[in-house]
Amino acid sequence: MEARLQKILSQWGIASRREAEEMIKASRVRVNGELAHMGQKADPERDTITVDGKPVSFVQRPALMYLLLHKPTGVVTTCEDQQGRPTVLDLLPKQISSGKGIHPVGRLDVDSTGALILTNDGDLTFGLTHPSHSIPKRYRVLVKGHPPQEVLQMWRQGVVLEERKTRPAQVRVVEKLANSTCLEIILKEGRNRQIRRIAEQLGYPVIKLHRTAIGSIQLQTPGKGYLAEGEYRHLEEFEIRFLKKAIAANSY
């Protein structure tokens, strides 16, 4: 059955849809010997698809995996890094990170820590990173200074970034320290470095940023303790159902 190439590559655990699109743009993908192009469709049962000259095997689709990782600082949220920095895949055992199509869902910047989902389910990745999805993500953020209520209210109502206003957010003060303030922030969108950019724009730069939860999925798991930095676990069935239900609720 024909489907767009990026969908085929993601469904079979080769790469996320976004990564598959980059592969196609970089002329790394061919169909029946011809360079693939964006929007092209193929039938994996009839067509020969290659990536970097190597045939893609669709005989044995890797088992779907869903992981939660506690990302430490200094680790980039990509599968490969041209600068040679450690990636989130480096924190996983080789039998999981290699040949299974595991990739991060969304991003946490290199200086941030906390909850990050990794999977080889391309449809799940596409659904969770689509602009229509609105799974809340909870953060603990330490900012310089003591932002007053009027500034926090501006943050709650939305701030213009690159000529587009952010969605309303939940922002509350957890603790005031001598020279800084700890905030809890809940977002329903994930624009690039959104919290850091807003904090900088409002005059209270981020010192530390930590994601504590993605919807109901938390680093603190009932009965299993706290997931330490650099460690991972497999998602529970109810957590996977939560993600898929959230995607279905935002499908049009």
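Residues numbered from 1 in each chain as written. Predicted model: local features only at pLDDT ≥ 70, side-chain atom pairs only at ≥ 80, totals over all residues. Heavy atoms only, no water.

Caption draft 1: A look at the overall build of the protein. Of the regular secondary structure elements, the protein holds 7 helices and 19 strands. A compact globule built from 252 residues should have a C-alpha radius of gyration of about 18 Å, and the protein, at 20 Å, falls within 12% of that. A principal-axis box enclosing the C-alpha atoms of the protein has dimensions of 65 × 45 × 40 Å. Each of the 252 residues in the protein was classed as buried or not, and the buried ones make up 48%. Across the protein, contacts joining residues at least 24 apart in sequence account for 65% of those joining residues at least 6 apart. Of the accessible surface of the protein, which amounts to about 13600 Å², a share of 49% is contributed by carbon and sulfur atoms. Counting 38 positive and 28 negative side-chain charges, the protein places the centres of these two groups 4 Å from one another. (Helix = DSSP H or I, 4+ residues; strand = E, 2+ residues; numbered from the N terminus. Rg over C-alpha atoms; globule rule 2.2 N^0.38 Å. Buried < 20%, exposed > 50% of the residue type's maximum accessible area, 1.4 Å probe, protein only. Contact = heavy atoms within 4.5 Å. Areas by Shrake-Rupley, 256 points an atom, 1.4 Å probe, with all protein chains shown as cover. Lys, Arg positive; Asp, Glu negative; His and termini not counted. Charge placed at Lys NZ, Arg CZ, Asp CG, Glu CD.)

Caption draft 2: Structural detail: the side chain of Arg233. Relative to the helices and strands, Arg233 is located in strand 19 (residues 232-234). Only 2.8 Å separates the side chain of Arg233 from the side chain of Glu239, close enough to count as a polar contact. Once residues within four sequence positions are removed from consideration, Arg233 is found in contact with Tyr66, Leu67, Leu68, Ile217, Gln218, Thr221, Leu227 and Glu239. (Polar contact = N/O pair within 3.5 Å; in protein donor to acceptor, adjacent residues only side chain to side chain.)

Caption draft 3: Region of the structure containing the environment of Ala169. Note that Ala169 resides in the loop between strand 12 (164-165) and strand 13 (170-176). Note: C-alpha distance between Ala169 and Leu152 (17 residues apart in sequence) is 9.9 Å. The contacts of Ala169, once residues within four sequence positions are left out, are Trp155, Arg156, Ile186 and Leu187.

Caption draft 4: Summary view of the packing of helix 4 (residues 122-129) against helix 7 (residues 237-249). Where helix 4 meets helix 7, the axes come as close as 9 Å, and the angle between the chain directions of the two elements is 55°. Relative to helix 7, helix 4 is oriented oblique. In the packing of helix 4 onto helix 7, the handedness of the crossing is left-handed. Facing helix 4, whose interface residues are Leu124, Gly127 and Leu128, helix 7 presents Leu243, Lys244 and Ile247. Here the residues of the contact of helix 4 with helix 7 are counted per class, giving 4 nonpolar, 1 polar and 1 charged. (Axes fitted to C-alpha atoms, helices over the stretch in contact; angles between N-to-C directions. Parallel < 35°, antiparallel > 145°, perpendicular 65-115°, else oblique. Left-handed = near helix turned anticlockwise from the far one by under 90°. Nonpolar A, V, L, I, M, F, W, Y, C, P; charged D, E, K, R; others polar.)

Caption draft 5: Structural context of the nonpolar core. In terms of nonpolar packing, the biggest core is built from 21 residues, with Val141, Trp155, Ile185 and Ile195 touching the most fellow members. Among the secondary structure elements, those contributing two or more residues to this core are strand 10 (137-144), helix 5 (149-157), strand 14 (180-187), helix 6 (194-202) and strand 15 (206-214). The element best represented in this core is helix 6, accounting for 4 residues. Look past the residues within four positions of Val141 in its chain and what remains in contact with it is Thr181, Cys182, Leu183, Ile185, Ile195, Val206, Lys208 and Leu209. One finds Ile117, Leu227, Leu235 and Ile240 within the second-largest nonpolar core, a separate group that totals 17 residues. (Core = buried A, V, L, I, M, F, W, Y, C linked by side-chain atoms within 4.5 Å.)

Caption draft 6: Spatial organisation of the layout of surface pockets. There is about 1300 Å³ of room inside the largest pocket. Lining of the largest pocket is provided by 45 residues; of these, Ile14, Ala15, Glu19, Met23 and Cys79 occupy positions nearest its centre. Going through the elements one at a time, helix 2 (17-25), strand 6 (54-55), helix 3 (94-97), strand 8 (103-104) and helix 4 are the ones with two or more residues in the lining of the largest pocket. Among the elements that line the lining of the largest pocket, the one with the most residues is helix 2, at 6 residues. The class makeup of the residues in the lining of the largest pocket is 15 nonpolar, 15 polar and 15 charged. (1 Å grid on protein atoms, 1.4 Å probe; cavity = no way out; pocket = protein on both sides within 12 Å on 5 of 7 lines; lining within 4 Å. Points joined across faces, edges and corners; volume = space filled by probe spheres on them.)

Caption draft 7: Spotlight on the pairing of strand 10. Pairing of strand 10 with strand 14 involves 8 bridges; the strand directions are antiparallel. From the neighbouring strand, Leu142 faces strand 14, where its bridge partner is Cys182. Strand direction decides the pairing type here: strand 10 and strand 15, joined by 7 bridges, are antiparallel. Bridge assignment links Arg140 to a residue of strand 15, and that residue is His210. (Pairing = 2+ DSSP bridges.)

Caption draft 8: Structural view of the pattern of salt bridges. The full count for this structure, using the stated rule, is 10 salt bridges. Where Lys25 meets Glu22, a salt bridge forms, and the shortest distance between an N and an O atom there is 3.9 Å. Here Glu22 and Lys25 lie together in helix 2, a separation of 3 residues that amounts to about one turn. What makes Lys25 exposed here is its relative accessible area of 54%. (Salt bridge = Lys/Arg side-chain N within 4 Å of Asp/Glu carboxyl O.)

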